[in-house]
Amino acid sequence: QVQLVESGGGLVQVGGSLRLSCAVSGRTYPAYAMGWFRQAPGKERDFVAAIPWSGGDTLYEDSMKGRFTISRDNAKITVYLQMNSLKPEDTAVYYCAATIYGGHLESLEKEYDYWGHGTQVTVSS
């Protein structure tokens, strides 16, 4: 079992940047890959990006490639989501999630077993 705590959300102007953090705890965490999802008001939760704890593999939702970057710090057991050139449509609650990693990164919400409580990102125009 793992526990996930997001931080770093807030209010930012269009074109600005934010870096979200997901602090992970639980001794089994290396077995999991980490993902970021987001949920805008009145919409379903959508996949953003995913990364395992080892190797160079990453997975992004196509529309977020180039603006968002997922990374990890194994020493701090923390996963990050760097978000640049933010747009009003990026306004959402951003969630960190964990799924058992079998060598293939997942983008489906149903594949993720553990979730954080989310952090609000609001992009104002």
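In case you missed it, the structure is sitting above this.
Residues numbered from 1 in each chain as written. Predicted model: local features only at pLDDT ≥ 70, side-chain atom pairs only at ≥ 80, totals over all residues. Heavy atoms only, no water.

Got a minute to help me understand the packing of aromatic side chains in this structure?
Aromatic ring pairs are described here by two measures, namely the spacing of the ring centres and the angle between the planes. Applying the stated criterion across every chain yields a total of seven aromatic pairs. With a centroid separation of 5.2 Å and an interplanar angle of 85°, the aromatic rings of Tyr-29 and Trp-53 are classed as edge-to-face. One end of the pair, Tyr-29, is in the loop between strand E3 (18-25) and strand E4 (32-39); the other, Trp-53, is in the loop between strand E5 (45-51) and strand E6 (59-60), and 24 residues separate them in sequence. Here the two residues Tyr-29 and Trp-53 agree in accessibility, since each one is buried. Pairing Phe-37 with Trp-115 gives two aromatic rings, centres 4.9 Å apart and planes at 55°, and the pair type is tilted. Taken together, the residues Phe-37 in strand E4 and Trp-115 in strand E10 (residues 114-115) connect sequence positions 78 residues apart. (Phe/Tyr/Trp six-rings, centres within 6.5 Å; stacked < 30°, edge-to-face > 60°. Helix = DSSP H or I, 4+ residues; strand = E, 2+ residues; numbered from the N terminus. Buried < 20%, exposed > 50% of the residue type's maximum accessible area, 1.4 Å probe, protein only.)

Is there a simple way to think about the sheet that holds strand E8 (residues 78-83) in this case?
Backbone-to-backbone hydrogen bonds join strands into a sheet, with any given pair of strands oriented parallel or antiparallel. The strand order across the open sheet built from four strands is E1-E3-E8-E7, with neighbouring strands paired in antiparallel fashion. Two strands bound the open sheet, and with one partner strand each, they are strand E1 (3-7) and strand E7 (68-73). For this sheet, the mean angle separating the axes of adjacent strands, direction not counted, is 20°. (Pairing = 2+ DSSP bridges. Axes fitted to C-alpha atoms, helices over the stretch in contact; angles between N-to-C directions.)

Is there a simple way to think about the pattern of salt bridges in this case?
Should their charged atoms come close, side chains of opposite charge can pair. Taken as a whole, this structure holds four salt bridges when the rule is applied. Here Asp-90 ties to Arg-67 by a salt bridge, and the two come within 2.7 Å at their closest N and O atoms. Taken together, the positions of Asp-90 in the loop between E8 and strand E9 (92-100) and Arg-67 in the loop between E6 and E7 put the pair 23 residues apart, joining distant regions of the chain. A single network of salt bridges, built from pairs that share partners, joins Arg-38, Arg-67 and Asp-90. (Salt bridge = Lys/Arg side-chain N within 4 Å of Asp/Glu carboxyl O.)

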